[in-house]
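# Descriptive structure summary
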Amino acid sequence: MPLNNDGVMIILSSPSGAGKSTLVKMLSELENFKVSISHTTRKPRLSETPNKDYFFVNEQEFKRLINNQEFLEYAKVFDNFYGTTRTPVIEKLNKGKNVLFDIDWQGADQIKNKKLDYKLITFYLLPPSKEVLFERLSNRDMRDKLIAEERMKQFERDVLHWINYDYVVINDNLDKCFLKVKNLIEAEINNGSKDYDPDFIREHINSLTS
Ligand code: ADP
Ligand code: 5GP
């Protein structure tokens, strides 16, 4: 059972480009929220700061961390390894900090299956449409133009995983999406009433996948 003063684990997943890194940054500015900084073997984007957005490591270092069993979860995504080291997460939770995870469905599944003694809330973000998603992926960073199409191909497979999450939220207007996620987290923590319409979400998923 989670202790009352422990922090809460909050996972945000989505098809690439739907906006989870942006949302995680906004949520991390709330009092008592901290981001779990992942390790990755991917190269930094122009806009990224090492040790803040990710710990950028080579494959040899990543494999050393796997062998030392330092990861709470890890996965291969788009030909690169990504993982969450356990110790910094547990330290933050034990200090009462709520920890935000920007991780894919494989990592979310692994954390769920661990059944840790901390409350876990999982969100799956969706774009308003596939056209908007492609635009966001293409605009993110010049180098991403080369891989935007690759990531769009993955969209059809990724989106199927929405079903395993507590809440699915559409990231159309950023501020509205932020408030929706924030309110759902607060309602979960305080056992309050939740503004959530599963039928509307199901219809949106049908429109994205048809
Ligand atoms: P992800 O982490 O899910 O791959 P990002 O957070 O990097 O996605 O967002 C992809 C791009 O879309 C970024 O350039 C970001 O600034 C932009 N973006 C995110 N949310 C919105 C939104 N609601 N409206 C317009 N642009 C957005
Ligand atoms: P990006 O390269 O766009 O930053 O991330 C690609 C994908 O990897 C995203 O779906 C992101 O959520 C996921 N990701 C980032 N860090 C981790 C992690 O530590 N573990 C897992 N499983 N996925 C991660």
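Nothing here was measured: the structure is a model prediction, and the numbers come from that model.

Let's shift gears to the environment of Tyr118. One can find Tyr118 in the loop between α4 (105-114) and β8 (120-126). Residues Tyr118 and Phe200, spaced 82 residues apart in sequence, show a C-alpha to C-alpha distance of 30 Å.

Moving on, we get to the site of ligand 1. Near ligand 1, the surroundings consist of 13 residues, among which Gly17, Ser21, Thr22, Arg140 and Asn171 are the closest. At 2.5 Å, a side-chain N or O of Ser21 approaches an oxygen atom of ligand 1. Between Leu174 and ligand 1, the recorded distance is 3.4 Å, taken from a backbone N or O atom to a nitrogen atom. Isolated, ligand 1 exposes 560 Å² of accessible area, and the fraction of that covered by the protein chains is 75%. Among the elements that take part in the shell around ligand 1, helix α1 (residues 20-28) stands out by supplying three residues, more than any other. Split by residue class, the shell around ligand 1 holds two nonpolar, seven polar and four charged.

All right, on to the sheet that holds strand β9 (residues 167-170) then. Think of a sheet as strands paired side by side through backbone hydrogen bonds, with each pair either parallel or antiparallel. Spatially, the five strands line up as an open sheet ordered β2-β7-β1-β8-β9, and their pairing is parallel. Of all strands in the sheet, those bounded by a partner on one side alone are β2 (33-35) and β9. Averaged over all neighbouring strand pairs, the angle between strand axes comes to 25°, with direction disregarded. The sheet contact formed by β2 and strand β7 (residues 98-102) spans three bridges and is parallel. Paired with Val35 across the strands is Leu100, a residue of β7. Against the sheet, α4 makes contact with β1 (9-13), β7 and β8, and its axis sits at roughly 155° relative to β1, the strand it touches most. Packing of helix α7 (residues 174-190) onto the sheet brings it into contact with β1, β2, β7, β8 and β9, and relative to β9 it is tilted by some 160°.

Moving on: the pattern of salt bridges. All told, the structure shown has 10 salt bridges when counted by the stated rule. Glu48 is the salt-bridge partner of Arg45, the closest N and O atoms lying 3.6 Å from each other. The residues Arg45 and Glu48 share a single accessibility class, namely buried. Asp195 is paired through a salt bridge with Lys180; the nearest N and O atoms lie 3.8 Å apart. In this pair, Asp195 is assigned in the loop between α7 and α8 (198-209) and Lys180 in helix α7, connecting sequence segments 15 residues apart. Of the residues examined, Asp195 reaches a relative accessible area of 60% and is grouped as exposed. Each of Arg42, Arg45 and Glu48 takes part in one network of salt bridges that share partners.

Pairing within the open sheet is mixed, and its four strands lie in the order β4-β3-β6-β5. Strands with a single pairing partner mark the edges of an open sheet, and in this sheet they are β4 (54-56) and β5 (71-77). Sheet twist, expressed as the average angle between the axes of neighbouring strands with direction ignored, equals 25°. Direction of pairing for strand β3 (residues 38-40) relative to β4: parallel, over a ladder of three bridges. Opposite Thr40, over in β4, you have Phe56 as the bridge partner.

This part is about the site of ligand 2. Near ligand 2 you find 16 residues, and of these Ser38, Arg42, Tyr54, Tyr82 and Asp102 are the closest. In the environment of ligand 2, an oxygen atom lies 3.4 Å from a nitrogen or oxygen atom belonging to the backbone of Ile103. With respect to ligand 2, the side chain of Asp104 contributes an N or O atom lying 2.8 Å from a nitrogen atom. Isolated, ligand 2 exposes 510 Å² of accessible area, and the fraction of that covered by the protein chains is 96%. Elements supplying a minimum of two residues to the shell around ligand 2: β5 and β6 (80-85).

How each quantity is defined
- Residues numbered from 1 in each chain as written.
- Chains lettered and ligands numbered in written order.
- Predicted model: local features only at pLDDT ≥ 70, side-chain atom pairs only at ≥ 80, totals over all residues.
- Heavy atoms only, no water.
- Helix = DSSP H or I, 4+ residues; strand = E, 2+ residues; numbered from the N terminus.
- Near = heavy atom within 4 Å.
- Polar contact = N/O pair within 3.5 Å; in protein donor to acceptor, adjacent residues only side chain to side chain.
- Areas by Shrake-Rupley, 256 points an atom, 1.4 Å probe, with all protein chains shown as cover.
- Nonpolar A, V, L, I, M, F, W, Y, C, P; charged D, E, K, R; others polar.
- Pairing = 2+ DSSP bridges.
- Axes fitted to C-alpha atoms, helices over the stretch in contact; angles between N-to-C directions.
- Contact = heavy atoms within 4.5 Å.
- Salt bridge = Lys/Arg side-chain N within 4 Å of Asp/Glu carboxyl O.
- Buried < 20%, exposed > 50% of the residue type's maximum accessible area, 1.4 Å probe, protein only.

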